[in-house]
Amino acid sequence: MAGLRTAEGARRAGYTGPITFLGAEAHAPYNRPPLSKELLQTEGQGHADVAFPIRSALEENVEWVLGRAAASLDIERQVVVDDLGDEHPFSALVIATGLRPKPLPIDDHGLRGIHVLRTVDDAIALRESLRPGANVVILGSGFVGCEIAATAAKNGAKVSVVTQSRVPLERALGPLLGGELRRRHEQHGVRFFTGESLFGLVGDPSVERVILTSGVMLECDVLVVAVGSDPNTEWLADSGLDVSDGVLVDAGLRAVGVDGVVHPSIFAVGDVARYANPLFDEVPRRVEHWNLPTETGKRAGQLIAAHYAGDDCEPLAAAGFAPLPSFWSDQYDAHVLAFGMTYLADRSELVAGSLDDECVVEFYRGDALVGVCGIGMRSLVQSYRTRFAVPAA
């Protein structure tokens, strides 16, 4: 998505030259949020149901090289080498390699029935296993884990969530909203095993039971690993770029080297980009919220067009980049919508409604509002968008 939005942004800003998409997946860009919701519970749905439309501006002078992953980057020669050894020269490069799920933290012994969810193919494979009565164990209680739990429970599966956290979505939503979402999941039969992780697996040839660190043993037909993600930056290890946590970029989304030098023709966008957001502070962070591939893509597209036009890009980059992060989640009949960086908060406060119905919670770091989240009450949550602003110099 981030790569597609960057190309669209460059076209809108006046770039008419050639564009090459190099992607590890065999599929053209598609929308990922439905993977843990509609596509996971609707038989027969596939890539066509979540694919992004390719706008007319990208129908000409564009090459799609799919099913080929980037393997290395040579900045001096301005070449990307793919996993088959073919070279792809560039005059401007956009790094939009995104994330991959963290692996199972213990040896899987080659057992079947173990799933992750990141791609449309992952979703289709998992959907076939979420049959009524199946014992589904989900490792992790973040957004992906909770959305899969809700979908599986609605499908009639017996769901257990194993998490090291005290409540689901603890980091993102804190104890108030996290505790309420746990209550709603439990109303639908989901069991939570908190402060736990996996110790071992039992089965042959497929997983049949999981053993928790406390010694508890759970029946398991399907094990879903949803313990977070890692940025896809291994191919950049010898590039000279700062990839200590994603790709460090400046306010123009231009990549920064380990020596602190900005590379004016190399950009990083989406989940893999690490940048400071002056709405909150000057600490560079990777932010994985759903609106930021679009925001970073628009920004990089403007700089790319200016770069090719021979314009001075420094004023545009110096203008700062301060997108307001946003995320949403549907779990049963609860629609969760948030703005800001709620996970920076040291306290939260219920300001409207009631937790067991519709409500709004504000998140503060010290006296500064850093986020807001609502279950329902969408218009009130939307009204907070104007309350986040870059502090005056």
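For clarity, every value in this text was computed on a predicted model and none was experimentally measured.

## A word on the pairing of strand β19 (residues 262-268)
Alright, step 1. With five of its seven residues buried, β19 lies for the most part within the structure.
Alright, step 2. As paired strands, strand β6 (residues 93-95) and β19 are joined by three bridges and run parallel to one another. For V94, the partnering residue across the bridge sits in β19 and is F267.
Alright, step 3. Pairing of strand β18 (residues 254-256) with β19, which is carried by two bridges, proceeds in the antiparallel orientation. Opposite R254, over in β19, you have F267 as the bridge partner.
Alright, step 4. From the end of β18 to the start of β19, which pair antiparallel, there are five residues, and G260 there has a positive phi angle of about 85°.

## Some thoughts on the pairing of strand β22 (residues 326-331)
Alright, step 1. Bridge count for β22 against strand β23 (residues 334-340) is six bridges, and the pairing is antiparallel. Residue pairing for β23: S326 is matched across the bridge by F339.

## Here's the deal with the sheet that holds strand β17 (residues 247-248)
Alright, step 1. Spatial strand order, β17-β20-β21: three strands in an open sheet with mixed pairing. A single partner strand is all that each edge strand has here, and the edge strands are β17 and β21 (285-286).
Alright, step 2. Here β17 pairs with strand β20 (residues 273-275) via two bridges, running parallel. Residue pairing in the sheet places V247 in a bridge with A273 of β20.

## Some words on the sheet that holds strand β3 (residues 70-74)
Alright, step 1. One open sheet accounts for three strands, arranged β3-β4-β5; its pairing is antiparallel. The open sheet has two edge strands, β3 and β5 (87-89), and neither has a second partner. Averaged over all pairs of adjacent strands, the angle between strand axes in this sheet comes to 25°, irrespective of strand direction.

## With respect to the environment of P29
Alright, step 1. On the secondary structure map, P29 appears in the loop between β1 (19-23) and α2 (38-41).
Alright, step 2. Taking relative accessible area as the criterion, P29 reaches 15% and is therefore assigned buried.
Alright, step 3. P29 sits 43 residues away from S72 along the chain, and the two C-alpha atoms are 22 Å apart.
Alright, step 4. Sequence-distant contacts of P29, that is, excluding residues within four places in its chain, are made with L4, H47, A51, F52 and W64.

## Observations concerning the packing of helix α1 (residues 2-12) against helix α7 (residues 292-309)
Alright, step 1. Packing of α1 against α7 brings their axes to within 7 Å, and their N-to-C directions diverge by 40°. The orientation of α1 relative to α7 falls into the category oblique. Remark: the crossing between α1 and α7 carries right-handed chirality. On the side of α1, the interface is formed by A2, R5, T6, G9, A10 and R12, while α7 contributes P293, T294, G297, K298, A300, G301, Q302, I304 and A305.

## Considerations on a negative patch on the surface
Alright, step 1. On the surface, D204, E208, E219 and D221 cluster together to form a negatively charged patch.
Alright, step 2. Looking at the secondary structure, you find E219 in strand β14 (residues 217-219).
Alright, step 3. Since its relative accessible area comes to 47%, E219 is described here as partly exposed.

## Observations regarding the environment of A237
Alright, step 1. If you trace the backbone, A237 turns up in the loop between β16 (229-231) and β17.
Alright, step 2. Here the alpha-carbon distance between A237 and L176, two residues 61 residues apart in the chain, equals 41 Å.

## Things to note about the pattern of salt bridges
Alright, step 1. Scanning all chains against the criterion turns up 24 salt bridges.
Alright, step 2. A salt bridge links E314 to R254, with the shortest nitrogen-to-oxygen separation between them at 2.9 Å. Of the two residues, E314 is situated in helix α8 (residues 314-318) and R254 in strand β18; the sequence distance between them amounts to 60 residues.
Alright, step 3. A residue is classified by how much of its surface remains accessible, and E314, at 44% relative accessible area, is partly exposed.
Alright, step 4. The exposure class of R254 is buried, given its relative accessible area of 5%.
Alright, step 5. One connected set of salt bridges, linked through shared partners, spans R5, E8 and R55.

Each value, and the rule that gives it
Residues numbered from 1 in each chain as written. Predicted model: local features only at pLDDT ≥ 70, side-chain atom pairs only at ≥ 80, totals over all residues. Heavy atoms only, no water. Buried < 20%, exposed > 50% of the residue type's maximum accessible area, 1.4 Å probe, protein only. Helix = DSSP H or I, 4+ residues; strand = E, 2+ residues; numbered from the N terminus. Pairing = 2+ DSSP bridges. Axes fitted to C-alpha atoms, helices over the stretch in contact; angles between N-to-C directions. Contact = heavy atoms within 4.5 Å. Parallel < 35°, antiparallel > 145°, perpendicular 65-115°, else oblique. Left-handed = near helix turned anticlockwise from the far one by under 90°. Patch = residues over 30% accessible without salt bridge, like charges linked within 9 Å, V, L, I, M, F, W, Y side chains within 5 Å. Areas by Shrake-Rupley, 256 points an atom, 1.4 Å probe, with all protein chains shown as cover. Salt bridge = Lys/Arg side-chain N within 4 Å of Asp/Glu carboxyl O. Lys, Arg positive; Asp, Glu negative; His and termini not counted. Charge placed at Lys NZ, Arg CZ, Asp CG, Glu CD.

Fair warning: the whole summary comes from geometry, so function is off the table for now.
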